[in-house]
Amino acid sequence: MKKIILPVLAAVFLSLGAVFLVYRDAPKGDQTFKTSKKIDFYIMSYKKIVGFEKTNEGAKKRSEDKVKLGEQTATHNLQPASKNNHFFVFEDFAPGPFPRGPQTVVSLDIEKGSLSKAEYPEGPITGAGFDGNFYYPMTSQPDGGSVHKYDKSKTLKKQFKFPDTAGNVMHAAATDEKHIYVLNSTMNEGDKYTHNNLVIFDKKNLKKVDERLITNASAAVANSEAFLDIKLIGDKFYLTNTSYRLKSNPYEPTPQDKLVILDKDSLARKEVSLGKDEPHKIAVSNDEKTLAISHTNDGFDPSMIISFYDIGTQKISRLELNESLMENYSTEDMLINVDFDKDGKVWILTWKNLLVYDLEKQEKVFGIDLATYDLEYSHLLALKKK
């Protein structure tokens with residue numbers, strides 16, 4: 001789908017340990033489910049959560065519990081962002097044209113086997129950051145938007161409100177020990193074009209310490225590029241650029257296939273062409289040496305392709321989820337999320353399949369037909385990493 005990012009369009013994030021999911025109209029109340037040391041991963045749909053043990057033959061079901069969530073069908077915009085086995089997830093949706101009001105947060109702790117819900121005071125949520133202790137949801141509103149700091153008990157600690165003259169859209173965020181780095185697209189009053197900024201906040205008090213312009217790819221670009229995700233690894237930011245608009249044709253987005261690399265201090269820019277348009281979410285291997293980049297995928301323009309970028313060698317490879325890899329292949333399948341285990345294997349959840357893939361050997365390890373466990377259209381792969 002050729003996406004145009006508007007202030008009313010919600011964006012993304014994903015995965016486990018404590019998992020935070022944002023849904024509209026999700027039923028309230030605490031729920032529990034079984035845990036076990038034998039369980040290596042969970043798959044959760046809107047109605048159940050199933051625990052599996054990884055075996056030499058593939059996987060063995062160890063538990064199954066009913067859950068109640070608000071949305072029946074997941075989208076590819078559920079995407080892992082984890083620290084210390086804790087995860088933040090919310091669903092991309094656009095209840096418009098100008099959605100307001102609270103959104104429900106579902107907190108899932110797979111160590112304790114508990115699921116609880118709370119409400120955000122504002123919406124829509126368009127992006128988020130998570131550092132393992134606090135999560136930083138960002139809302140976009142016609143009158144400015146805001147960044148919040150919540151602890152894992154869903155208690156609001158701090159809030160920063162952008163000026164009401166700024167039409168802010170915040171798509172993603174990255175964190176380090178001291179700061180949260182927010183991708184911000186804005187058009188202030190009197191501006192001819194929108195701009196991309198990197199807004200830097202002190203994590204402790206959520207005070208803005210800097211706001212820096214991300215220079216466009218070239219002088220021919222009319223307004224902000226559509227950056228959809230950001231990851232901070234060492235002294236570099238990694239961003240996906242799905243499209244931009246040219247001054248010669250400012251009303252039509254030009255699809256891009258770029259992974260953009262920014263120096264943390266200078267924001268000096270380097271671009272890598274992935275060879276496939278509309279890169280979307282980024283998953284990072286445990287050793288922080290490999291990026292798995294999913295490409296925009298929806299029912300109108302299906303794409304079951306993942307690009308891999310080796311940070312050390314700068315080599316690019318691609319994996320197409322074709323009939324030879326999937327237990328239940330379908331042209332109507334959809335990529336939901338990608339993650340890495342501690343051994344570097346790639347775990348891929350789609351609407352209809354779970355695939356575990358050995359990237360080094362370029363071969364399938366095992367797969368699961370989700371229909372076998374009544375798990376089609378699942379929302380979450382929660383993979384233990386310890």
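Draft legend 1. Focus on the overall build of the protein. Within the protein, the regular secondary structure consists of zero helices and 30 strands. A total of 386 residues make up the protein; the buried ones form 57% of that total. Partitioning the intrachain contacts of the protein with sequence separation of at least 6 by distance along the chain shows that 54% fall at a separation of at least 24. Total accessible area on the protein stands at roughly 16,300 Å², and carbon and sulfur atoms take up 46% of it.

Draft legend 2. Region of interest: the nonpolar core. Core analysis: the largest hydrophobic core is formed by 17 residues, its most contacted members being Phe-41, Ile-43, Trp-347 and Leu-354. At the level of secondary structure, the elements contributing two or more residues to this core comprise strand 3 (41–44), strand 4 (48–55), strand 27 (346–350), strand 28 (353–358), strand 29 (363–369) and strand 30 (380–383). Leave out the neighbours within four places in its chain, and Ile-43 touches Lys-48, Ile-49, Val-50, Phe-52, Leu-349, Leu-354, Leu-370, Leu-375, Ser-378, Leu-380 and Leu-381. Within the second largest apolar cluster, 16 residues are counted, among which are Ala-283, Ala-292, Leu-321 and Phe-340.

Draft legend 3. Spatial organisation of the pattern of salt bridges. In this structure the tally under the stated criterion is 20 salt bridges. Close ionic contact of Asp-374 with Lys-47 constitutes a salt bridge, the shortest N to O distance being 3.0 Å. You can see Asp-374 sitting in the loop between strand 29 and strand 30 and its partner Lys-47 sitting in the loop between strand 3 and strand 4, a full 327 residues away along the chain. With relative accessibility at 39%, the residue Asp-374 sits in the partly exposed group. By relative accessible area, Lys-47 is classed as partly exposed at 32%. Residue Asp-257 pairs with Lys-258 through a salt bridge whose shortest N-O separation is 3.1 Å. Judged by relative accessible area, which is 11%, Asp-257 ranks as buried. Each of Lys-47, Lys-48, Lys-61, Glu-64 and Asp-374 takes part in salt bridges that share partners, so that together they form one network.

Draft legend 4. Local environment of the sheet that holds strand 27. Read from one edge to the other, the open sheet built from four strands follows the order 26-27-28-29, with strand pairing classed as antiparallel. Only two strands of the sheet have a single neighbouring strand rather than two, namely strand 26 (335–340) and strand 29. Sheet twist, expressed as the mean angle between neighbouring strand axes with direction ignored, is 15°. With five bridges connecting them, strand 26 and strand 27 associate as antiparallel partners. For Val-338, the partnering residue across the bridge sits in strand 27 and is Ile-348.

Draft legend 5. Highlighting the sheet that holds strand 19 (residues 236–246). Read across the sheet, four strands follow the order 18-19-20-21 without closing on themselves; strand pairing throughout is antiparallel. Edge positions in the sheet fall to strand 18 (227–233) and strand 21 (269–273), since each has one partner strand and no second. Averaged over all neighbouring strand pairs, the angle between strand axes comes to 35°, with direction disregarded. Direction of pairing for strand 18 relative to strand 19: antiparallel, over a ladder of six bridges. Its bridge partner lying in strand 19, Lys-231 is registered against Tyr-238.

Draft legend 6. Region of interest: the packing of aromatic side chains. The final tally for this structure, using the stated rule, is eleven aromatic pairs. Centre to centre, the rings of Phe-162 and Phe-201 are 6.4 Å apart; their planes meet at 90°, and the pair counts as edge-to-face. Taken together, the residues Phe-162 in the loop between strand 13 (156–161) and strand 14 (169–175) and Phe-201 in strand 16 (residues 195–202) connect sequence positions 39 residues apart. For Phe-162, a relative accessible area of 4% translates into the label buried. A residue is classified by how much of its surface remains accessible, and Phe-201, at 0% relative accessible area, is buried. Between Tyr-181 and Phe-237, the ring centres sit 5.1 Å apart and the planes meet at 65°, which makes this aromatic pair edge-to-face. Residue Tyr-181 is located in strand 15 (residues 179–186), and its partner Phe-237 is located in strand 19; the two are separated by 56 residues in the primary sequence.

Draft legend 7. The arrangement of the environment of Tyr-357 in detail. Within the secondary structure layout, Tyr-357 lies in strand 28. Between the C-alpha atoms of Tyr-357 and Gly-367, which are ten residues apart in sequence, the distance is 8.7 Å. With sequence-adjacent residues up to four places away left out, Tyr-357 is seen in contact with Leu-319, Leu-325, Lys-345, Val-346, Gln-362, Glu-363, Lys-364 and Val-365. There is a polar contact of 3.4 Å between the side chain of Tyr-357 and the backbone oxygen of Gln-362.

Draft legend 8. Region of interest: unusual backbone geometry. Residue Leu-206 is not a glycine yet carries a positive backbone phi of 55°. The residue Leu-206 is located in the loop between strand 16 and strand 17 (207–213) in this model. With a relative accessible area of 2%, Leu-206 lands in the buried category.

Thresholds, definitions, all that
- Per chain, residues are indexed from 1 in the order of the written sequence.
- Only residues with pLDDT of at least 70 are given local features in this predicted model, and only at 80 or more are side-chain atom pairs given and counted; all residues enter the totals for whole chains, interfaces and linings.
- With hydrogens and water excluded, all non-hydrogen atoms of the structure serve as input to the side-chain values.
- Helical segments are the DSSP runs of H or I of at least four residues, strand segments are the runs of E of at least two, and each set is numbered from the N terminus.
- To sort residues, take the accessible area from a 1.4 Å probe on protein chains only and compare it with the maximum for the residue type: under 20% means buried, over 50% means exposed, and anything in between is partly exposed.
- We call two residues in contact whenever any of their non-hydrogen atoms come within 4.5 Å of each other.
- Under the convention used here, a 1.4 Å probe and the Shrake-Rupley method define accessible areas, while residue burial counts only the protein chains that appear.
- Here the nonpolar core consists of buried residues drawn from Ala, Val, Leu, Ile, Met, Phe, Trp, Tyr and Cys, with membership extended through side-chain atoms lying within 4.5 Å.
- Salt bridges are identified by distance alone: a Lys or Arg side-chain nitrogen within 4 Å of an Asp or Glu carboxyl oxygen.
- Pairs of strands are assigned from DSSP output, requiring at least two bridges between the strands.
- Convention adopted: a line fitted to C-alpha atoms gives each axis, helices being fitted over their contacting stretch, and angles between N-to-C directions are expressed from 0 to 180 degrees.
- Two aromatic rings from Phe, Tyr or Trp, using only the six-membered ring of Trp, form a pair when their centres are within 6.5 Å; if the ring planes differ by under 30 degrees the pair is stacked, by over 60 it is edge-to-face, and anything between is tilted.
- Pairs of N or O atoms within 3.5 Å make up the polar contacts considered here, provided that, within protein, one atom can donate a hydrogen while the other can accept it, and that residues adjacent in sequence are counted only when both atoms are side-chain atoms.

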